[in-house]
Amino acid sequence: MKQKLMATALAAAMVAGPALADLTVVDTSYRTGPYAANGIPFSDGYQDYFTLLNERDGGIGGEKINLVECETGYNTEKGVECYEATKGEGGGALVYQPLSTGITYQLIPKATADGIPLHTMGYGRTSAKNGAVFKWVFNYPANYWDGASHAITHILNENGGDISGRKIALVYHNSAYGKEPIRTLEELSKKHGFELTLLPVDHPGQEQKSQWLQIRREKPDNVIMWGWGVMNQVAIQEAVNIRFPMDQFIGIWWSGSENDVKAAGDKADGYKALAFHNLGDDYPVYDDIQEYVVDSGNAAGAGDQIGTVLYNRGMYAAMLAAEAIKTAQEMHGTATINAAQMRDGMENLEMTEEKMAALGLPNFGPEFSVSCENHGGNGFGAVSQWNAEAGEFELITDYYQSDQEIISMLVAEDSAAFAAENGIEPGC
Amino acid sequence: MPDQLIFAMEVFLNGLMAGVLYALVALGFVLIFKASGIFNFAQGVLALFAALTLVGIMDGQVPFSHLINAVFGTDIHHFGWHVPALAAILLTMVVMVALAWAVNHFIFRHLVGQEPIILFMATIGLAYFLEGFGDIMWGADIKKLDVGLPQGINTVIDEVTYGIFGYGFFIDNLDLWATFVAALLVIALVIFAQYSKHGRAMRAVADDHQAALSVGVSLNFIWVMVWSLAGFVALVAGIMWGTKSGVQFSLSLIALKALPVLMLGGFTSIPGAIVGGLIIGVGEKLFEFAIGPMVGGATENWFAYVLALLFLVFRPQGLFGEKIIERV
């Protein structure tokens, strides 16, 4: 009887368990809770791209991708639980995309100890750009401080290169995430001579009357927003209410999805948001996703998010992970790479226009390269604008580089402090 | 008149309006606590569920469409009709009454006589269930809610105050409507509680369950009625907050704004919820205006909870709450 049970259990494990040789990628998603509306399209895009590679190409380098989804609810504790529960899946997870700055901060020491790379694309700890200190963390192609600089550069470009004496307000979520751009903006304020006003908003941001009354009284020329979730919708609605000019209102890329302008409707027309990838669904890869993923019933969600800002971002993250896997496979001459080899692939990733065009994503993201010293890419970004009539965000600028003089100084300073605190000897 | 004083007047008025919105949420807590002694952790989720249902009905959305499509391989999402706001509000109320019946029938009927902490924990479970149920039923996307309430600056107030002070006050039309509706709601609830047969029965149940039962009051009926009323108040709160931010799952977090109001006004007083809301609204806005810039801002939540804490220390029953004296 005991032998029968063991045999049955073994057979079940062989049928149900993932093949050890698979390339395991974990999607720490949030499809429930207050931020689900943003988590769903990102996760759909992330998963659909890997499903496309499995269905169309038979995986990467002949190896299927074993996609493991774990629900975090955008909750830091649950995110850490997900990491611990899934890091050993299918012979070991290759990479994590935590999609939360809070979860990222908790995972940095764990992933570093475990030797599993994190990709925190456009979020997380900004100074992780310094790969000499943060060996296992990557935040290409752009980070928060790049974003702050992109916003100021855009205002500079709109005003003939002179913004001295101009009043710029930062409306931000009163959390570690929301405070990220402050130091950069302060440095840029000294450099360009604009007056910076800081307006923190309490979590979750449903009530912002005080901040917008202050904006109405003090009449800043521009407002920059660092929000997430309901804070974005309320801020845009309040800006509409006080008749703040929408084209002078710029959100970070996490404040620039269709969800954010929905509540304000047509009146949000002209609202701007930063972007580090292109928008819309007019790319050849989407035809393949439709054919191999959606029409064949393999889509991660309902298939109704394709082409939205956050779906594109999730798909872009998956594409960058897949390209890093390919790079690692080429470097190490094996299709069945491990997490350490994945890290090498990420550290040697080079995204060129030719490569993106060949993937069916021409001009989808900026060109960039990663190195041991630079885990954050080249700091290129663009500005998008909400076109209410068309019902979509559109890129209105080319990709341009952030102020590297200031960003490099801040990254060096912050990463050196982290290295000193944690006894890390920087080096490549 | 100094500019700062004029600005403070504008902040004061906006604080009153914000307070009304807080009070709308607090009212639902008070109704249920008053009648059953249950601190309803699910009140915020009730507002979310009501607003989701309202938008779903208005937009002709097929409930559980994602589930139906996943199970049966169909591709249905909408019925193809649009229901007028008033009819949708009435239909939503029918859903909320059905929910009240279900809550009582499946949960609280079985918990009569249990300790308050057990009842409170049951409402925590209810909150999680309802949030997931609402997600499966209506989807997690953000929905625009437009029941025809005007939004944006009230130009009359703007012009009048500009004429007087040389500075036009900003008052949101939606907040004015919320104040009007809240006033009507409170008057109706007070009249109902004081002068109607069922209202008196509700108060009798609140005073003593067993005594009310002994004179023929149906506990089940009263609890269903009270949860229905709380559902109605939640719907009103959901409409007001949902119009501002879109209907989304963060709506359930508005309960956080009601807690200090309840501590201040008392858990058992309908006027207390209103007065508490106004004090919190005005207090936090004026504090943010006057002190916020000196300490880095974002003081509103802090102020509300510190004020509530002070009341807990010096007047634990709140401004209008009943002082419970237990003889031993």
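Residues numbered from 1 in each chain as written. Chains lettered and ligands numbered in written order. Predicted model: local features only at pLDDT ≥ 70, side-chain atom pairs only at ≥ 80, totals over all residues. Heavy atoms only, no water.

The next subject is the overall build of chain B. A count of helical and extended segments in chain B gives 14 helices and 0 strands. Along chain B, helices and strands appear, N-terminal first, in the series α-α-α-α-α-α-α-α-α-α-α-α-α-α. Relative to its 328 residues, chain B shows a buried fraction of 53%. Contacts in chain B between residues at least 24 apart in sequence constitute 72% of all its contacts with a sequence separation of at least 6. By element, 70% of the accessible surface of chain B is carried by carbon and sulfur atoms, the whole surface being about 14,600 Å². Separation between the mean location of the 13 positive side-chain charges and that of the 20 negative ones in chain B comes to 14 Å. (Helix = DSSP H or I, 4+ residues; strand = E, 2+ residues; numbered from the N terminus. Buried < 20%, exposed > 50% of the residue type's maximum accessible area, 1.4 Å probe, protein only. Contact = heavy atoms within 4.5 Å. Areas by Shrake-Rupley, 256 points an atom, 1.4 Å probe, with all protein chains shown as cover. Lys, Arg positive; Asp, Glu negative; His and termini not counted. Charge placed at Lys NZ, Arg CZ, Asp CG, Glu CD.)

Put simply, an interface is often sized by how much accessible area is lost when its parts join up. Opposite the 37 residues of chain A that make contact, chain B presents 44 residues. A buried area of about 3,300 Å², summed over both sides, lies between chain A and chain B, and 53% of it is on carbon and sulfur atoms. A per-residue breakdown of the area chain A buries against chain B is headed by Gln206, Glu207 and Arg217 of chain A, which together make up 20% of the total. At the junction of chain A with chain B, the criterion picks out 6 salt bridges. When the shortest N-O distance is used, the salt bridge between Asp175 of chain B and Lys209 of chain A registers 3.2 Å. Taken together, the connections running from chain A to chain B amount to 15 residue pairs in polar contact (both at pLDDT 80 or more). Those elements that place two or more of their residues in the side of chain A that touches chain B are helix H2 (36-57), helix H8 (209-218), helix H9 (230-241) and helix H10 (258-262) of chain A. For the side of chain A that touches chain B, a count of residues per class yields 14 nonpolar, 13 polar and 10 charged. (Buried area = accessible area lost by both parts, 1.4 Å probe. Salt bridge = Lys/Arg side-chain N within 4 Å of Asp/Glu carboxyl O. Polar contact = N/O pair within 3.5 Å; in protein donor to acceptor, adjacent residues only side chain to side chain. Nonpolar A, V, L, I, M, F, W, Y, C, P; charged D, E, K, R; others polar.)

Moving on, we come to the nonpolar core. Core analysis: the largest hydrophobic core is formed by 96 residues, its most contacted members being Phe108 and Ile222 of chain B. Examining the composition of this core, we find that 17 residues originate from one element, helix H10 (residues 219-245) of chain B, more than from any other. Of all hydrophobic cores here, the second largest spans 82 residues; its members include Met121, Tyr177, Met319 and Met342 of chain A. (Core = buried A, V, L, I, M, F, W, Y, C linked by side-chain atoms within 4.5 Å.)

Residue and element names in this part refer to chain B. At a closest axis distance of 9 Å, the pairing of helix H1 (residues 3-36) and H10 adopts a crossing angle of 170 degrees. Taken together, H1 and H10 sit at an angle that is classed as roughly antiparallel. Contacts between H1 and H10 involve Leu21, Tyr22, Leu24, Val25, Leu27, Gly28, Leu31, Ile32, Ala35 and Ser36 from the first element and Trp223, Val226, Trp227, Leu229, Ala230, Val233, Val236, Ala237, Met240, Trp241 and Lys244 from the second. (Axes fitted to C-alpha atoms, helices over the stretch in contact; angles between N-to-C directions. Parallel < 35°, antiparallel > 145°, perpendicular 65-115°, else oblique.)

Further remarks concern the state of the cysteines. All names here are of chain A. Taken as a whole and assessed by the stated rule, the structure comprises 2 disulfides over all chains. There is a disulfide in this structure between Cys70 and Cys82, and the S-S distance comes to 2.0 Å. Across the S-S bond linking Cys70 and Cys82, the dihedral sits near -80 degrees, which makes this disulfide left-handed. Note that Cys70 is positioned in strand E2 (residues 65-71) and Cys82 in helix H3 (residues 76-86), a separation of 12 residues in sequence. A relative accessible area of 16% places Cys70 in the buried class. Each disulfide pairs two cysteine sulfurs, and for Cys372 the partner residue is Cys428, the sulfurs being separated by 2.0 Å. Every disulfide takes its handedness from the sign of the S-S torsion; for Cys372 and Cys428 that torsion is -100 degrees, giving left-handed. Pair noted here: Cys372 is in the loop between strand E12 (368-369) and strand E13 (380-387) and Cys428 is in the segment after helix H15 (404-422), with a separation of 56 residues, a long-range link. (Disulfide = S-S within 2.5 Å.)

In this section: the packing of helix H11 (residues 284-294) of chain A against helix H12 (residues 309-332) of chain A. For any two helices packed against each other, one specifies the crossing angle of their axes together with the interaxial distance. Residue and element names in this part refer to chain A. H12 packs onto H11 with a crossing angle of 90 degrees between their chain directions and a minimal axis gap of 13 Å. With respect to H12, the axis of H11 lies roughly perpendicular. Facing H11, whose interface residues are Val285, Tyr286 and Ile289, H12 presents Tyr311, Asn312 and Met315. Of the residues assigned to the contact of H11 with H12, the class counts are 5 nonpolar, 1 polar and no charged.

We now examine the domain arrangement of chain A. Residues and elements named next belong to chain A. Domain parsing of chain A yields domain 1 (2-142 + 279-379) and domain 2 (144-275). On a C-alpha basis, the centroid separation for the pair domain 1 and domain 2 is 30 Å. Counting residues at the interface gives 21 residues for domain 1, matched by 14 residues for domain 2. Across the interface of domain 1 and domain 2, roughly 1,700 Å² is buried in total on both sides, 55% from carbon and sulfur atoms. At the junction of domain 1 and domain 2, the tally comes to 0 salt bridges. Per-element tally for the side of domain 1 that touches domain 2: the top contributor is H12, with 3 residues. Across the side of domain 1 that touches domain 2, the residue classes tally to 11 nonpolar, 9 polar and 1 charged. (Domains from an automatic or database assignment.)

Using the criterion set out here, one finds 43 aromatic pairs over all chains in the structure. Look at Tyr83 of chain A and Tyr96 of chain A: their rings are 4.9 Å apart centre to centre, the planes differ by 55 degrees, and that puts the pair in the tilted class. Linking Tyr83 of chain A in helix H3 with Tyr96 of chain A in strand E3 (residues 93-96), this pair joins segments that are 13 residues apart in sequence. Summarising the burial analysis for this pair, Tyr83 of chain A and Tyr96 of chain A share the class buried. Seen from their ring centres, Phe138 of chain A and Tyr140 of chain A are 6.1 Å apart, and the 65 degrees between their planes marks the pair as edge-to-face. Chaining the aromatic ring pairs together yields one cluster made of Trp253, Phe276, Tyr283, Tyr286, Tyr311, Tyr316 and Phe364 of chain A. Of note, Arg217 of chain A hangs over the ring of Phe7 of chain B, and the distance from its end group to the ring centre comes to 5.5 Å. Between the NZ or CZ atom of Arg343 of chain A and the centre of the ring of Trp136 of chain A, over which it lies, the distance is 5.5 Å. (Phe/Tyr/Trp six-rings, centres within 6.5 Å; stacked < 30°, edge-to-face > 60°. Lys NZ or Arg CZ within 6 Å of the ring centre and 35° of its normal.)

All names here are of chain A. Scanning the entire structure with this criterion turns up 2 cavities of 30 Å³ or more. Here the largest cavity defines a volume of roughly 110 Å³. Lining the largest cavity, in full, are Tyr30, Tyr74, Leu99, Ser100, Thr101, Tyr123, Tyr144, Tyr177, Trp228 and Trp254. Each of two domains, domain 1 (2-142 + 279-379) and domain 2 (144-275), supplies a minimum of three residues to the lining of the largest cavity. Approximately 30 Å³ is the volume attributed to the second largest cavity. Lining the second largest cavity, in full, are His154, Ile155, Glu158, Asn222, Asp247, Gln248, Ile250 and Lys272. Along the lines of polarity and charge, the residues of the lining of the second largest cavity split into 2 nonpolar, 3 polar and 3 charged. (1 Å grid on protein atoms, 1.4 Å probe; cavity = no way out; pocket = protein on both sides within 12 Å on 5 of 7 lines; lining within 4 Å. Points joined across faces, edges and corners; volume = space filled by probe spheres on them.)

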